[in-house]
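Architecture and fold: a report
Residue strings, one per chain:
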Amino acid sequence: MNAPPPAAVLRALPAGARVVVRYRIEGGFTDVLGYLVEAVDEEVTVAGRRGHVTVPYALVTAAKEVPPPPAPRPPRR
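Quick caveat: nothing in here was measured; it's all calculated off a predicted structure.

What follows is about the sheet that holds strand β2 (residues 28–39). If you walk across this open sheet you meet the five strands as β4-β3-β2-β1-β5, and the pairing is antiparallel. Two strands in the sheet have a free side with no partner beyond their single neighbour: β4 (51–56) and β5 (60–65). Between one strand axis and the next, the sheet turns by 40 degrees as a mean value, whatever way the strands run. Bridging between strand β3 (residues 43–48) and β4 involves six bridges; their strand directions are antiparallel. Directly across from Glu 43, in β4, lies its bridge partner Pro 56.

Attention now goes to the pairing of strand β1 (residues 18–25). Successive residues of a regular strand alternate their side chains across the two faces of the sheet. The sheet contact formed by β1 and β2 spans eight bridges and is antiparallel. Residue pairing in the sheet places Val 21 in a bridge with Val 32 of β2. The antiparallel pairing of β1 with β2 creates a hairpin that spans two residues between the two strands, and Gly 27 there sits at a positive phi of about 90 degrees.

What follows concerns the confidence of the model for the chain. For any part of a model where pLDDT is low, the fine detail of the predicted coordinates should not be relied upon. Summary statistics for the chain give a mean pLDDT of 94 and a share of 99% for residues scoring 70 or more. Within the chain, helix α1 (residues 6–12) has the poorest average pLDDT of any element, 94, and β1 the best, 98.

This part covers the side chain of Thr 45. Structurally, Thr 45 can be placed in strand β3. Thr 45 sits in the buried class, given a relative accessible area of 8%. Ignoring anything within four residues of it in the chain, the contact list for Thr 45 reads Tyr 35, Leu 36, Val 37, Glu 38, His 52, Val 53 and Thr 54.

Quick look at the UniProt feature "domain: Histone acetyltransferase Rv0428c-like SH3" (unreviewed entry) in the chain now. Under the UniProt annotation, "domain: Histone acetyltransferase Rv0428c-like SH3" (unreviewed entry) lies at residues 14–64. As a span, residues 14–64 carries 0% helix and 73% strand, and end to end its C-alpha atoms are 12 Å apart.

The rules behind these values
Residues numbered from 1 in each chain as written. Predicted model: local features only at pLDDT ≥ 70, side-chain atom pairs only at ≥ 80, totals over all residues. Heavy atoms only, no water. Pairing = 2+ DSSP bridges. Helix = DSSP H or I, 4+ residues; strand = E, 2+ residues; numbered from the N terminus. Axes fitted to C-alpha atoms, helices over the stretch in contact; angles between N-to-C directions. pLDDT = per-residue confidence, 0-100. Buried < 20%, exposed > 50% of the residue type's maximum accessible area, 1.4 Å probe, protein only. Contact = heavy atoms within 4.5 Å. UniProt positions renumbered as here; feature names shortened; annotations may be inferred.

Here it is, written out as structure tokens:
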């Protein structure tokens with residue numbers, strides 16, 4: 001079974017979709033989890049916890065849409 005390339009997955013999703021993107025950095029890999037801002041020809045931008053992260057597709061190794069975060073827990077009494 002052949003999975004589509006990560007860039008194709010990201011380009012097919014609408015802006016605002018919640019995604020996780022794994023990409024190469026010096027010395028290994030890292031992930032950004034957040035909301036898709038835009039997926040243009042050469043790069044993808046995701047709004048994560050630490051702000052907007054723009055990653056060139058050449059560095060992306062995996063990407064997928066993820067479900068919404070769980071609802072906050074009610075305060076304990």
